[in-house]
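Listed below are the residues making up each chain.
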Amino acid sequence: NPGESFQYTFTRAGEYFFNDCTDPRPTGKVVVYLTPQDVPDALHFLPRTLDLGSSTGQFNDHELVTALFTLPAGYAPIEEEIRLKTPLSTTLFEPAYANAILHDRLLLVRFRKSDIDNNIPAGDSVPLVLTVNVIHEGQQKQLSSTALVRVVK
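Describing the overall build of the chain
Each helix and strand counted, the chain has one helix and 12 strands in total. Counted from the first residue to the last, the chain has its helices and strands arranged as β-β-β-β-β-β-β-β-β-β-α-β-β. Here the chain has a C-alpha radius of gyration of 20 Å; the compact-globule value for 153 residues is 15 Å, and the former is much larger. Here the C-alpha coordinates of the chain stretch approximately 65 × 35 × 25 Å along the principal axes. For the chain, with 153 residues in total, the buried portion stands at 33%. Nonlocal contacts in the chain, meaning residues at least 24 apart in sequence, comprise 62% of its contacts between residues at least 6 apart. For the chain, the exposed area adds up to about 9,700 Å²; of that, 49% sits on carbon and sulfur atoms.

As structure tokens, then:
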């Protein structure tokens, strides 16, 4: 009613539509974003030097880059909500494969070289950032970690 207020705490990221009780059409939208929490030294790439060169000039879908992300105790990944940020793009890259090895708290993530090659420069200390949406104590959170990797092409 006029002059009244309502408060709600969202526990998951997403788009939420609302409407006026006298009109069934949506009249507004709330967009909920997660604020990444940095987890230092949680991200590592194997091998430590990423070879993004191709002898033929083209990658096939089986050529992958492997990342390992160590999750804090009590955090469960939402595997479809993992993204890689590279220095030369605003695009966030989805993994080709992700698998949680929960007893060791490791998240194994693989990205296609063909997806990320043009978005990563060659260099000795290239920052790659992995973000992982997780559930912790019933709430969705976002963890991120940065790894400095050597990239050759």
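Still more to cover.
Section: the packing of aromatic side chains
Two measures describe an aromatic ring pair: the distance that separates the ring centres and the angle between the ring planes. Taken as a whole, this structure holds two aromatic pairs when the rule is applied. Centroid distance Tyr 8 to Phe 10: 4.9 Å. Interplanar angle 75°. Geometry classified as edge-to-face. Since its relative accessible area comes to 53%, Tyr 8 is described here as exposed. Between Phe 10 and Tyr 16, the aromatic rings sit 4.6 Å apart at their centres with planes inclined by 40°, giving tilted as the arrangement. Take Phe 10: its relative accessible area is 31%, and that puts it in the partly exposed class. Chaining the aromatic ring pairs together yields one cluster made of Tyr 8, Phe 10 and Tyr 16.

Regarding the layout of surface pockets
Here the largest pocket defines a volume of roughly 210 Å³. At four residues, the largest contribution of residues to the lining of the largest pocket is made by strand 1 (residues 14-19). Grouping the amino acids of the lining of the largest pocket by side-chain chemistry returns seven nonpolar, one polar and no charged.

Examining a nonpolar patch on the surface
Together, Phe 6, Tyr 8, Phe 10, Phe 18 and Val 30 line one region of the surface with nonpolar side chains, adding up to about 550 Å² of accessible area. Note on placement: Val 30 falls in strand 2 (residues 26-32). Using a relative accessible area of 30% as the deciding quantity, one classes Val 30 as partly exposed.

Thoughts on the environment of Lys 141
Mapping Lys 141 onto the fold places it in strand 12 (residues 139-152). Apart from the residues lying within four places of it in its own chain, the contact partners of Lys 141 are Leu 34, Gln 37, Tyr 75, Val 132, Asn 133, Val 134 and His 136.

Things to note about the sheet that holds strand 10 (residues 106-112)
Spatial ordering of the open sheet is given by 4-6-10-9, a layout of four strands whose pairing is antiparallel. Lying at the two open borders of the sheet, with one neighbouring strand each, are strand 4 (43-46) and strand 9 (97-101). The mean inter-strand angle of the sheet, taken between neighbouring strand axes irrespective of direction, is 20°. Pairing geometry for strand 9 and strand 10, over five bridges, is antiparallel. If you follow Ala 100 over to strand 10, its bridge partner there is Leu 107.

Focus on the environment of Ala 96
Position of Ala 96 among the secondary structure elements: in the loop between strand 8 (92-93) and strand 9. Take Ala 96: its relative accessible area is 33%, and that puts it in the partly exposed class. It is 28 Å that separates the C-alpha atoms of Ala 96 and Glu 137, two residues lying 41 residues apart in sequence. Setting aside residues up to four positions removed in sequence, Ala 96 forms contacts with Leu 64, Arg 110, Phe 111 and Arg 112.

Conventions and cut-offs
Residues numbered from 1 in each chain as written. Predicted model: local features only at pLDDT ≥ 70, side-chain atom pairs only at ≥ 80, totals over all residues. Heavy atoms only, no water. Helix = DSSP H or I, 4+ residues; strand = E, 2+ residues; numbered from the N terminus. Rg over C-alpha atoms; globule rule 2.2 N^0.38 Å. Buried < 20%, exposed > 50% of the residue type's maximum accessible area, 1.4 Å probe, protein only. Contact = heavy atoms within 4.5 Å. Areas by Shrake-Rupley, 256 points an atom, 1.4 Å probe, with all protein chains shown as cover. Phe/Tyr/Trp six-rings, centres within 6.5 Å; stacked < 30°, edge-to-face > 60°. 1 Å grid on protein atoms, 1.4 Å probe; cavity = no way out; pocket = protein on both sides within 12 Å on 5 of 7 lines; lining within 4 Å. Points joined across faces, edges and corners; volume = space filled by probe spheres on them. Nonpolar A, V, L, I, M, F, W, Y, C, P; charged D, E, K, R; others polar. Patch = residues over 30% accessible without salt bridge, like charges linked within 9 Å, V, L, I, M, F, W, Y side chains within 5 Å. Salt bridge = Lys/Arg side-chain N within 4 Å of Asp/Glu carboxyl O. Pairing = 2+ DSSP bridges. Axes fitted to C-alpha atoms, helices over the stretch in contact; angles between N-to-C directions.

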